[in-house]
Amino acid sequence: MNYKMEQTWRWFGPSDPVTLGDIRQTGATGIVTALHHIPHGEVWAKEEIYKRKEELENAGFRWSVVESITVHENIKTRSGNYKDYIEKYKTSIRNVAACNIPVITYNFMPVNDWTRTSLNHRMTDGSLALYFNWVDLAVFDLFILKRKNADLSYSKDVLQKAEERFKKYSQEQLEDLAGVVMFGIPGEQKMTTADMAKKLELYTDIHVDSLRDNLVEFQREISAVAEECGVLLAIHPDDPPFPILGLPRIVSSMDDFDYFLNKVNNKANGVCFCTGSLGASAENKLTDMVKRIGEKIHFVHLRNVTKDEEGNFYEADHLGGDNDMYSIVKEISGLQQKFKKSIPFRPDHGHQMMDDLNKVSNPGYSAIGRMRGLAEIRGLEIGILGS
Ligand code: DNO
């Protein structure tokens, strides 16, 4: 028998416009979700997890992966009562384990989760994609956020273009841009520019080395608990995988993965291999990375990006773009046969297309584009394995 990837789908909970009934028709068998109503840092009670799990099972799914239990900023900055937050995180891990959910995803991105500058980038086929553009980020950083020394983060060329673009943007366009950059996770609390400025301030003296120490301390603590109770942890890479807004990045490259996987060499401590995030850096050779991380890949996000010379990128079709999805999936298939296990994957993001263009959906998470990605990748894997 060939081991195949478990086909999962991210669902944002009862308020997600894509319902569990819709998801049944995509072919996905597993759900990836979180208790988005629990404030960051607080314990996920067993009863709450169990209630959600039952809801998923009643709709015909397995809860395959928790994405995410958010890491409180105090843990990332090792400040205030961060030790209490680590203890709370451990309790949540124990409770997730008690409900038999096998994988927990999290990230260690300072301040913001994924960052884009447009959620409506028009593709030539008429569909809409998420987009990251350096000049727009600089407009936000210099003229909306007004971060101190922001100009040091950009090339001369980008600075000049940002100045010109700022003059052309209307007030409404500037507000839209700020909303996109600080978008965060659907259903979770939104940041204002003032909140963001305050949070960024806390990182003034935190650089790559100290942030790495903070991550390693956190991983040592939580992975011991996870191993004990049989849960796998999967850290999500930085998205995008390069420094933005003057913040350090420590989960962006093979060197980064080597660093913390060696420091915390525990069976539970692993990776959510997100091809879209990692693929936005030309330096990352994704197929080699899959080979090297190997058994420590506990969860996979499959998505593609197209980059330009300036380092801007848009989210491409799952089988289009710069990532060679064929060789990546082939490598993952190889891992599954070697380690005799099925790794959960989800089609990460998708274009807003067809009927979905007239609907309100969570950016990147409309139904049809993701279903296209899921179907293409499902076929690709069967093509590779032969059955
Ligand atoms: C974006 C997602 C990320 C991811 C978190 C994991 O669409 O892939 O928001 O869920 O970073 O903690």
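Use the structure listed above.
These lines cover the structure that appears in this document, whether it is placed above or below. (Residues numbered from 1 in each chain as written. Predicted model: local features only at pLDDT ≥ 70, side-chain atom pairs only at ≥ 80, totals over all residues. Heavy atoms only, no water.)

**Focus: the side chain of His-236**
Structurally, the position occupied by His-236 is in strand 7 (residues 232–236). His-236 sits in the buried class, given a relative accessible area of 10%. Contact partners of His-236, with chain neighbours within four places excluded, come to Thr-105, Tyr-106, Asn-107, Met-109, Val-251, Cys-272, Cys-274, Ser-277 and His-301. (Helix = DSSP H or I, 4+ residues; strand = E, 2+ residues; numbered from the N terminus. Buried < 20%, exposed > 50% of the residue type's maximum accessible area, 1.4 Å probe, protein only. Contact = heavy atoms within 4.5 Å.)

**Topic: the sheet that holds strand 1 (residues 6–10)**
Within the closed barrel, the eight strands sit side by side as 1-2-3-4-7-8-9-12. Their pairing is parallel. Strand-to-strand, the axes of this sheet are offset by a mean angle of 30°, without reference to chain direction. Pairing between strand 4 (residues 103–107) and strand 7: five bridges, direction parallel. Across the sheet, Thr-105 pairs through a bridge with Ala-234, a residue of strand 7. Contacting strand 3 (62–67), strand 4 and strand 7, helix 4 (residues 82–98) crosses the sheet at an angle of about 150° to strand 4. (Pairing = 2+ DSSP bridges. Axes fitted to C-alpha atoms, helices over the stretch in contact; angles between N-to-C directions.)

**Observations regarding unusual backbone geometry**
Of all residues except glycine, most have a negative phi; of all peptide bonds, most are trans. Backbone torsion omega between Glu-67 and Ser-68 reads -5°, so that peptide bond is classified as cis. Tracing the chain through its elements places Ser-68 in the loop between strand 3 and helix 3 (73–76). A cis amide bond links Asp-239 to the next residue, Pro-240, at an omega of 5°. Along the chain, Pro-240 falls in the loop between strand 7 and helix 10 (254–263). Positive phi, normally seen in glycine, also occurs at Leu-245, with a value near 50°. Here Leu-245 shows up in the loop between strand 7 and helix 10. Residue Leu-245 is classed as buried on the basis of its relative accessible area, which comes to 4%.

**Quick word on helix 14 (residues 367–385)**
Owing to its 3.6 residues per turn, the α-helix aligns residues three or four sequence positions apart on the same side. Between the first and last C-alpha of helix 14 there are 27 Å, a value that for 19 residues agrees with the 27 Å anticipated at 1.5 Å per step. Those residues of helix 14 lying buried are Gly-369, Arg-370, Gly-373, Leu-374, Ile-377, Leu-380, Glu-381 and Leu-385. Summarising the axial view, the buried residues of helix 14 lie within an arc of 135°, below the 170-degree limit, and thus occupy one face. Taken together, the buried residues of helix 14 touch strand 1, strand 9 (297–302), helix 13 (325–339) and strand 12 (344–347). Directly beyond the C-terminal end of helix 14, a positive phi value near 90° is found at Gly-386. (Expected span 1.5 Å × (residues − 1). Arc of directions from axis to C-beta.)

**Here's the deal with the site of the ligand**
Taken together, 15 residues surround the ligand, and among them Glu-67, Ser-68, Asp-113, His-349 and Tyr-365 come closest. Ser-68 is positioned with one of its side-chain polar atoms (N or O) 2.5 Å from an oxygen atom of the ligand. A distance of 2.9 Å is found between an oxygen atom of the ligand and a side-chain nitrogen or oxygen belonging to Asn-107. Protein chains shield 99% of the accessible area of the ligand, which is 330 Å² for the free molecule. (Near = heavy atom within 4 Å. Polar contact = N/O pair within 3.5 Å; in protein donor to acceptor, adjacent residues only side chain to side chain. Areas by Shrake-Rupley, 256 points an atom, 1.4 Å probe, with all protein chains shown as cover.)

**A short note on the packing of helix 5 (residues 134–145) against helix 6 (residues 156–168)**
Where helix 5 meets helix 6, the axes come as close as 8 Å, and the angle between the chain directions of the two elements is 70°. With respect to each other, helix 5 and helix 6 are oriented roughly perpendicular. Of helix 6, the residues touching helix 5 (which contributes Trp-134, Val-135, Asp-136, Ala-138, Val-139, Leu-142 and Phe-143) are Val-158, Leu-159, Lys-161, Ala-162, Glu-163, Arg-165 and Phe-166. Of the residues assigned to the contact of helix 5 with helix 6, the class counts are 10 nonpolar, no polar and four charged. (Parallel < 35°, antiparallel > 145°, perpendicular 65-115°, else oblique. Nonpolar A, V, L, I, M, F, W, Y, C, P; charged D, E, K, R; others polar.)

**What about the packing of helix 4 against helix 9 (residues 208–229)?**
Where helix 4 contacts helix 9, the two axes come as close as 9 Å, and the packing angle between them is 25°. Considering the angle they form, helix 4 stands roughly parallel to helix 9. With respect to the hand of their crossing, helix 4 and helix 9 are arranged in right-handed fashion. Between helix 4 and helix 9, the residues in contact are Tyr-82, Lys-83, Ile-86, Glu-87, Tyr-89, Lys-90, Ile-93, Arg-94 and Ala-97 and Glu-217, Phe-218, Glu-221, Ile-222, Val-225, Ala-226 and Cys-229, respectively. Residues belonging to the contact of helix 4 with helix 9 are distributed by class as follows: 10 nonpolar, no polar and six charged. (Left-handed = near helix turned anticlockwise from the far one by under 90°.)

**Comments concerning the pairing of strand 7**
The buried fraction of strand 7 amounts to four of the five residues, a majority that puts the element mostly inside the structure. Examined bridge by bridge, strand 7 and strand 8 (residues 269–274) share three bridges and lie parallel to one another. Within the sheet, the bridge partner assigned to Ala-234 lies in strand 8 and is Gly-270. Running through helix 10, the crossover from strand 7 to the neighbouring parallel element strand 8 is right-handed. (Right-handed = clockwise from strand over helix to strand, strands pointing away.)

**Here we look at the pattern of salt bridges**
Should the charged atoms of two oppositely charged side chains come close, the side chains can pair. Inspection of every chain in the model, using the stated rule, returns 26 salt bridges. One salt bridge in this structure joins Lys-161 and Asp-157, with 3.2 Å as the shortest N-O distance. Of the two residues, Lys-161 and Asp-157 are both situated in helix 6; the distance of four residues between them amounts to about one turn of the helix. For Lys-161, a relative accessible area of 33% corresponds to the partly exposed category. Of the residues examined, Asp-157 reaches a relative accessible area of 38% and is grouped as partly exposed. One salt bridge connects Asp-348 with Arg-346, and the closest N-O pair in it is separated by 2.8 Å. (Salt bridge = Lys/Arg side-chain N within 4 Å of Asp/Glu carboxyl O.)

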